[in-house]
Amino acid sequence: ALRTLDRDLPSASLRQTIPIMSSLTPDSRFRGIHVDDAGIQRTVDNLKAHDIEAIVVEASEAKDKVLSLIPEGSEVFVATSRTLDTLQVTDAIDNSGKYVPLKKKTFTMDRATQAAEIRKMTAAPDYFLVSAHAVSQEGELFWASATGSQLGAITNGAGTVIVVAGINKIVPDAKTASERIETYTYPMEDARAHQVYGAGSAINFRLRISAVSGWSGPRIKVVLVK
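Okay, so let's go over this structure. (Residues numbered from 1 in each chain as written. Predicted model: local features only at pLDDT ≥ 70, side-chain atom pairs only at ≥ 80, totals over all residues. Heavy atoms only, no water.)

**Overview of the pairing of strand 7 (residues 160-166)**
Then, in step 1: The element strand 7 is largely enclosed, with a buried count of seven among its seven residues.
Then, in step 2: The alternating pattern of strand 7 places Thr-160, Ile-162, Val-164 and Gly-166 and Val-161, Val-163 and Ala-165 on opposite faces, both of which are buried.
Then, in step 3: In the sheet, strand 4 (residues 127-130) pairs with strand 7 via four bridges, with the strands oriented parallel. Looking across to strand 7, one finds that Val-130 is bridged to Val-163.
Then, in step 4: With six bridges joining them, strand 7 and strand 10 (residues 220-225) adopt parallel strand pairing. Its bridge partner lying in strand 10, Val-164 is registered against Val-223. (Buried < 20%, exposed > 50% of the residue type's maximum accessible area, 1.4 Å probe, protein only. Helix = DSSP H or I, 4+ residues; strand = E, 2+ residues; numbered from the N terminus. Pairing = 2+ DSSP bridges.)

Written out as structure tokens, the structure is:
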């Protein structure tokens, strides 16, 4: 998710007393699903051609499929994601007792004295679960972020990255992916950030993965959810 910068956050008392709303309106062009079965297959084929594993599942199967990709006992960091929350993947990682939920663990740590340890846990877990802001039919993955805190794990830090994305995030090409992020994802996240933190988000970092080096094996796995 796009994250608001900590230094921009007002005090807790101000957040409780000042109603702050986002002035951005999500572009309705990107609501809903705009890809047919042929487009989904093209996306899968092109991701695989770029050494990125890809499968398509029904929403009812998604949680079980994602969990089947993670050995029990593994250290797992689940990035902030409405998709992962809705599919109940976040809850399964955090509360089933079958995994070591790193993000949940960081909430119990002292950010003043254990900041370095928290940073390392975030950047280099065994498994990193995240959604994507756009997936192109050309076989590329796209993210934007305010802090960049999740991007290092995706590019190199995590042992395995599992990207879970609804087919509503599939777009034709890189240009449309950028438009989706700027005119739909960002306004949606800005509204969430205002509601949760009392301050808006920003697009300060961008990540575009076009291919994965074959020598490292299938490090990135994409689960597309119908």
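**Considering the pairing of strand 6 (residues 141-145)**
Then, in step 1: For strand 6, the tally of buried residues reaches five of five residues, placing the bulk of the element in the interior.
Then, in step 2: Going residue by residue along strand 6, you find Leu-141, Trp-143 and Ser-145 tucked away on one face and Phe-142 and Ala-144 tucked away on the opposite face as well.
Then, in step 3: In this structure, strand 5 (residues 134-136) lies alongside strand 6, joined through two bridges in antiparallel fashion. Bridge pairing in strand 6 links Val-135 to Leu-141.
Then, in step 4: In sequence, strand 5 turns back onto strand 6 through a hairpin of four residues, with Gly-139 there showing a positive phi of about 90°.

**Quick notes on the pattern of salt bridges**
Close approach of charged atoms lets side chains of opposite charge pair.
Then, in step 1: The full count for this structure, using the stated rule, is seven salt bridges.
Then, in step 2: Here Glu-179 ties to Arg-29 by a salt bridge, and the two come within 3.8 Å at their closest N and O atoms. Here Arg-29 lies in the loop between helix 1 (12-17) and helix 2 (37-49) and Glu-179 lies in helix 9 (residues 174-197), a separation of 150 residues in the sequence.
Then, in step 3: Judged by relative accessible area, which is 22%, Glu-179 ranks as partly exposed.
Then, in step 4: With a relative accessible area of 47%, Arg-29 lands in the partly exposed category.
Then, in step 5: Of the charged contacts in the structure, one is a salt bridge between Lys-175 and Glu-179, with a shortest N-O distance of 2.6 Å. Here the residue Lys-175 and the residue Glu-179 both occupy positions in helix 9, the gap between them amounting to four residues, near one helical turn.
Then, in step 6: Because the salt bridges share partners, they merge into one network encompassing Arg-29, Lys-175 and Glu-179. (Salt bridge = Lys/Arg side-chain N within 4 Å of Asp/Glu carboxyl O.)

**Quick word on the sheet that holds strand 5**
Then, in step 1: The mixed open sheet is built from four strands, whose spatial order is 8-5-6-9. One side of each edge strand has no neighbouring strand; the edge strands of this open sheet are strand 8 (170-171) and strand 9 (205-209).
Then, in step 2: Sheet strands in contact with helix 2 are strand 5, strand 6 and strand 8, and its direction is about 85° off that of strand 5.
Then, in step 3: The strands touched by helix 9 within the sheet are strand 5, strand 6, strand 8 and strand 9, with strand 6 carrying the most contacts at an inclination of about 30°. (Contact = heavy atoms within 4.5 Å. Axes fitted to C-alpha atoms, helices over the stretch in contact; angles between N-to-C directions.)

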